[in-house]
Protein chains: 2
Amino acid sequence: MPRVRAIYRLHSDACAVEARARAIANEQSIEMPLAAVDDDFVRSQIVGRVEGISEKSDHLYEVEISLAAETVGHDAGQLMNMLYGNTSLQKDVVLHDVELPAALVAHFAGPRHGLHGLRTRVGASARALTCSPLKPQGVVAARLAELAQRFAAGGIDYVKDDHGLADQSYSTFADRIEAVTAALSAIGRTHGRETPYVPSVSGDLDTMRRQVRLAASHDVRAVMLAPMIAGVSNFHCLVRENPELAFFAHPALAGAARINPALLFGKLFRLFGADAVIFPNYGGRFGYSQETCLAIATAALEERDNLRPCAPVPAGGMSVGRVREMLDFYGADAMLLIGGALLEARDLTQAAAGFVAEVRQYPYNRKRTENGRQRTGG
Amino acid sequence: MPRVRAIYRLHSDACAVEARARAIANEQSIEMPLAAVDDDFVRSQIVGRVEGISEKSDHLYEVEISLAAETVGHDAGQLMNMLYGNTSLQKDVVLHDVELPAALVAHFAGPRHGLHGLRTRVGASARALTCSPLKPQGVVAARLAELAQRFAAGGIDYVKDDHGLADQSYSTFADRIEAVTAALSAIGRTHGRETPYVPSVSGDLDTMRRQVRLAASHDVRAVMLAPMIAGVSNFHCLVRENPELAFFAHPALAGAARINPALLFGKLFRLFGADAVIFPNYGGRFGYSQETCLAIATAALEERDNLRPCAPVPAGGMSVGRVREMLDFYGADAMLLIGGALLEARDLTQAAAGFVAEVRQYPYNRKRTENGRQRTGG
């Protein structure tokens, strides 16, 4: 019977680690004393198994536990529940990695478009993509539309909503869709180049569905949402229902649960269907390390289970001055997201054009042979 | 214009704390350089304001930030996003407490039944309630039904699903509802006392809705779900749609250290409509302190904003031997949840009856005048 393999990291004394591993295996499966289980199927299949324990560094242990895939069924939320539901309540256990049986991966199916689909849509071949956000919240839709138009005039590939934009009274979702798509169409006709808009959808599943329908009726073909706020089951449901839509996953509220970011953003969000995944870049407003960011990008891109690669979107306080360094680091297979730094410029269109030029002029081929990340070279 | 007040805790040097507070206020509102904002409404209303900074202990600061309530709109998920979306990605900032304007509280509306409704349903007046879970996952529905019957025969007030029970092939949700409700009806006729069943609903909103409908068609009047897996917007949507149903909130995936548990379980889950909230008791399988547990129970019960009190349900490795101590600690206004320890007993009905007797025989009145928690005395 197929097993889900979950790897946890925890600090422990050597003499206690086996008991702690067994406790996690129990907590994430039957959640009751093993001695009280008299059912053979449960004892042989359902009880979590400790498959391995290894010390990674002083008192830091990696514990591998396998769970029956049948306990997950076919629901993304139940997968999260089985992997980390109760154990998230332990102060010191991190969910580090997960391996799923092929049938479960095939069910979730991953991105429908992925990095290559996102490239094709904007006519980019082997370069990194550019993205800029509409902000701040609080301004009227017409103002956001104006910003969108300037980003597009500067040649930005994707214009997305800031994740704070929801369905607020001063700028409703409907107003925003109407105004921004009209503005982008107008500039598209002028420049002979379409700039896709990626609105942020939020709320319960019904509300997100209504927003997706409204957006689609304005020829929007990509949306952003925060899977940890929406609930991963609802995220996956929208992905399944809208094969023509590309999905950008936003990391909001994802930090609270102490799941390894490479696993959550790179692997699980991709598995559930993210075509692009936004995450805090190193050296910006968040404390992510280079190592963490590289692990996220690698997990999002690497060949695995026949899933399409998901575009890594490093963000959070980036500037045009850092584009070269970021491309040295991420290579061509990334979408760079710069917002605030462009909005500070006196001439937004010019600033956006400068960002775009940096990304287009970068010598990808040279770098791709130098930095050893050819595996993911697009 | 009404403001949401959010309190964060972080470790900082004295000289850096003001800048960090301003950074959080910016991150949770406009998320861009203030200098680049030229809109008066945004500058005066939308930008987060640092309302206060105080040192709680050595280098631990409490920072109060206010946000425009309009940025939240009326969506529970957007409230979480505004309070903690990006800041959850910071390694060291805890969301500690929240105060909402009256109109927003009135919109979310809190529990429909609450502790008193749950008491009335089982004919309990001023005592604590009892609850036991059906487990382990992996056994067939008939076996779970047998357990339910024994718990009911022992006099347990509420029989709930273990949170691992979803819609698995070996025991589907539909089979479980059918078998458990039939079993509980049969024993109810024998004993002349109804034992409510609280099935666990999971999946995307559509799936949860189907499960709720199926359960209701079998006269089930309470369900359990995990708001952090389902997404709080979907949780609140189900609460609104089903005023006759009581909701038990499960803490799965809610994380240990980053959102203050008293805020998340006691205040926010209650606000979104939890009639009972399950949380890890001190001294069990989880590391929660007495102080944390008391803060959760207090937040769930205290008179606030005209919301009904929500039943605190301490759980996680509890035993009958601890009932007296738990009632000394929590008083009458709690629902005690004991599972594994009863299932270990040779005679489950007898063990359940022992649990029930301990809870019923406890001298609540004496204790209520002694332990100083009369405010919440039911």
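Reading guide: rules and limits
Every chain's residues receive numbers from 1 upward, in the order its sequence appears when written. Here chains are named by letter from A upward and ligands by number from 1 upward, in the order in which they appear as written. Reporting of local features is limited, given that this is a predicted model, to residues whose pLDDT is at least 70; pairs of side-chain atoms are given and counted only at 80 or more, and all residues count toward the totals for whole chains, interfaces and linings. Values reported for side chains reflect all heavy atoms of the structure, with hydrogen atoms and water molecules removed beforehand. Criterion for a salt bridge: a side-chain nitrogen of Lys or Arg within 4 Å of a carboxyl oxygen of Asp or Glu. Per the convention used, a helix needs a DSSP run of H or I reaching at least four residues, while a strand needs a run of E reaching at least two, with both numbered from the N terminus. Residue burial is assigned from relative accessible area. The probe radius is 1.4 Å, only protein chains are included, and a residue is buried under 20% of its type maximum, exposed over 50%, and partly exposed in between. We treat two strands as partners when DSSP finds at least two bridges between them. To obtain each axis, a line is fitted to C-alpha atoms, and for helices this fit is confined to the stretch in contact; angles are then taken between N-to-C directions over 0 to 180 degrees. Two helices that cross are described as forming a left-handed crossing if the nearer one is turned anticlockwise from the farther one by less than a right angle, and a right-handed crossing if clockwise. Contacts between residues were defined by any pair of non-hydrogen atoms, one from each residue, lying within 4.5 Å. Here the nonpolar group is Ala, Val, Leu, Ile, Met, Phe, Trp, Tyr, Cys and Pro; Asp, Glu, Lys and Arg are the charged ones; every other residue, Gly included, is treated as polar. Note on terms: buried area is the combined drop in 1.4 Å-probe accessible area of two parts once they are placed together, counting the loss on both. Polar contact is the term for a pair of N or O atoms within 3.5 Å; when the atoms are in protein, one must be able to donate a hydrogen and the other to accept it, and sequence-neighboring residues count only if both atoms are side-chain atoms. Least squares is the method used to superpose the copies, on C-alpha atoms of residues holding a pLDDT of at least 70 in both. Here a helix's expected span is defined as the number of its residues, less one, multiplied by 1.5 Å. The arc in question is the one traced by the directions running from the helix axis out to the C-beta atoms. Pairing of aromatic rings covers Phe, Tyr and Trp, the last counted by its six-membered ring, and requires centre-to-centre distances within 6.5 Å; plane angles under 30 degrees mean stacked, over 60 mean edge-to-face, and any other angle means tilted. Counted as over-ring charges are cases with an Arg CZ or a Lys NZ within 6 Å of the ring centre that also lie within 35 degrees of the ring normal. For the charge count, each Lys or Arg is scored as positive and each Asp or Glu as negative, with His and the chain ends excluded. pLDDT measures how confident the predictor is about each residue, on a scale from 0 to 100. Note that the term roughly parallel is reserved for angles under 35 degrees, roughly antiparallel for angles over 145, roughly perpendicular for angles of 65 to 115, and oblique for everything else.

What to know about the pattern of salt bridges
All names here are of chain B.
- Scanning the model with the defined rule gives 46 salt bridges over all chains in all.
- Note that Arg 20 and Asp 92 form a salt bridge whose closest N and O atoms lie 2.9 Å from each other. Highlighted residues: Arg 20 in helix H1 (residues 17-27) and Asp 92 in the loop between helix H3 (76-84) and strand S4 (93-99), separated in sequence by 72 residues.
- Given the relative accessible area of 31%, Asp 92 is considered partly exposed.

Quick notes on the sheet that holds strand S1 (residues 3-11) of chain B
Residues and elements named next belong to chain B.
- Ordered by their spatial adjacency, four strands build an open sheet running S2-S3-S1-S4, and the pairing between neighbours is antiparallel. Only two strands of the sheet have a single partner each, and these edge strands are strand S2 (49-57) and S4. Between one strand and the next, the sheet's axes are offset by a mean angle of 25°, whatever the strand orientation.
- By the bridge criterion, seven bridges tie S2 to strand S3 (residues 60-68) in an arrangement that is antiparallel. If you follow Ser 57 over to S3, its bridge partner there is Leu 60.

Focus: the packing of helix H13 (residues 323-330) of chain B against helix H15 (residues 348-361) of chain B
All names here are of chain B.
- At a minimum axis distance of 10 Å, the contact between H13 and H15 shows a crossing angle of 35°. Of the two elements, H13 crosses H15, and the hand of that crossing is right-handed. Contacts between H13 and H15 involve Val 323, Arg 324 and Leu 327 on the former and, on the latter, Phe 355, Glu 358 and Val 359.
- Each residue belonging to the contact of H13 with H15 can be placed in one class, and the counts come to four nonpolar, no polar and two charged.

Let's talk about the interface of chain B and chain A
- Each partner contributes to the interface: chain B provides 73 residues, whereas chain A provides 75 residues.
- Considering only the surface of chain B that becomes buried against chain A, Glu 31, Leu 89 and Leu 253 of chain B emerge as the three largest contributors, covering 12% of it.
- Here chain B is connected to chain A by twelve salt bridges.
- There are 35 residue pairs in polar contact (both at pLDDT 80 or more) connecting chain B and chain A.

Here's the deal with the relation of the copies chain B and chain A
- Each copy of the sequence occupies a distinct position, and chain B is placed on chain A by a rotation of 180° and an axial shift of 0.0 Å, giving an RMSD of 0.1 Å. The transformation just described matches what one would write down for a two-fold rotation axis. If distances are taken from each C-alpha of chain B to the rotation axis, the shortest is found for Gly 231 of chain B, at 2.2 Å.
- A share of 100% of interface residues in chain B that are also interface residues in chain A marks the association as one of identical surfaces.

Side note on the pairing of strand S9 (residues 246-249) of chain A
Residue and element names in this part refer to chain A.
- Where burial is concerned, the two faces of S9 agree: the one with Ala 246 and Phe 248 and the one with Phe 247 and Ala 249 are both buried.
- As judged from the four bridges shared by strand S8 (residues 222-225) and S9, these two strands associate in the parallel manner. Bridge pairing in S9 links Leu 225 to Ala 249.
- The pairing of S9 with strand S10 (residues 276-280) spans two bridges and is parallel. Bridge pairing in S10 places Phe 248 opposite Ala 276.

What to know about helix H10 (residues 232-241) of chain B
- By the criterion of burial, H10 of chain B is predominantly enclosed, with eight of the ten residues buried.
- Residues Val 232, Ser 233, Asn 234, Phe 235, His 236, Cys 237, Leu 238 and Val 239 of chain B constitute the buried set of H10 of chain B.

Considerations on helix H7 (residues 173-191) of chain A
All names here are of chain A.
- Helix length check: H7 (19 residues) gives 26 Å between terminal C-alpha atoms against 27 Å at 1.5 Å per residue, within 8%.
- Within H7, burial applies to Phe 173, Arg 176, Ile 177, Val 180, Thr 181, Ala 183, Leu 184, Ile 187 and Gly 188. Here the buried residues of H7 occupy an arc of 165° about the axis, which is enough to place them on one side. Structural note: H7 exposes Arg 189 and Thr 190 on the side pointing more than 90 degrees away from its buried face.
- As for H7, its buried residues are in contact with strand S5 (129-134), helix H6 (141-153), strand S6 (158-161), strand S7 (197-198) and helix H8 (205-217).
- Of the residues one or two after H7, Gly 192 is the one with positive phi, at around 65°.

Notes on the packing of aromatic side chains
- A full pass over the atoms with the stated rule returns 18 aromatic pairs over all chains.
- Relative to Phe 248 of chain B, the ring of Tyr 158 of chain B lies with its centre 5.8 Å away and its plane at 55°, an arrangement referred to as tilted. With a gap of 90 residues between them, Tyr 158 of chain B in strand S6 (residues 158-161) and Phe 248 of chain B in strand S9 (residues 246-249) connect regions that are remote in the sequence.
- These aromatic residues form a ring-pair network of at least three members: Phe 279, Tyr 282, Phe 329 and Tyr 330 of chain A.
- Here the basic side chain of Arg 322 of chain A rests over the ring of Tyr 282 of chain A, its NZ or CZ set 5.1 Å away from the ring centre.

A short note on the environment of Leu 343 of chain B
- In this fold, Leu 343 of chain B is placed in helix H14 (residues 340-343).
- We classify Leu 343 of chain B as buried; its relative accessible area is 11%.
- In the structure, Leu 343 of chain B is positioned 19 residues away from Arg 324 of chain B in sequence and 20 Å away in space, judged by C-alpha atoms.
- Residues within four places of Leu 343 of chain B in sequence aside, it is in contact with Met 32 and Ala 36 of chain A together with Lys 135, Leu 147, Phe 151 and Leu 348 of chain B.

Focus on the side chain of Asp 75 of chain B
- Relative to the helices and strands, Asp 75 of chain B is located in the loop between S3 and H3.
- Despite its burial, Asp 75 of chain B remains without a salt bridge, the nearest opposite charge being carried by Arg 240 of chain B at 6.7 Å.
- A polar atom in the side chain of Asp 75 of chain B sits 3.0 Å from the backbone nitrogen of Gln 78 of chain B.
- In this structure, Asp 75 of chain B is in contact with Gly 203 and Asp 204 of chain A together with Phe 108 and Ser 233 of chain B, ignoring residues within four places of it in sequence.

Structural notes on the confidence of the model for chain A
Residue and element names in this part refer to chain A.
- Averaged over every residue, the pLDDT of chain A is 94; the share at 70 or more is 96%.
- Segment residues 368-378: pLDDT under 50, and 22 contacts once partners within four positions in sequence are set aside and those in other chains are kept.
- Two numbers describe this predicted complex: its pTM, 0.94, and its ipTM, 0.92.

A look at the sheet that holds S7 of chain A
All names here are of chain A.
- Here four strands make up an open sheet; going across it, the order is S7-S6-S5-S12 and the pairing parallel. Only two strands of the sheet have a single partner each, and these edge strands are S7 and strand S12 (335-337).
- Inspection of the sheet shows S6 paired to S7 by two bridges, in the parallel sense. What sits directly across from Val 159, in S7, is Tyr 197.
- Docked against the sheet, H6 engages S5 and S6, running at close to 160° with respect to S5.

Quick word on the packing of helix H6 (residues 141-153) of chain B against H15 of chain B
All names here are of chain B.
- Relative to each other, H6 and H15 sit at 40°, their axes nearing to 7 Å. Relative to H15, H6 is oriented oblique. Helix-helix and strand crossings are classified by hand; for H6 and H15 the assignment is right-handed. For the pair H6 and H15, contact is made by Leu 147, Arg 150, Phe 151 and Ala 153 and by Leu 348, Thr 349 and Ala 352, respectively.
- Of the residues that constitute the contact of H6 with H15, the class distribution is five nonpolar, one polar and one charged.

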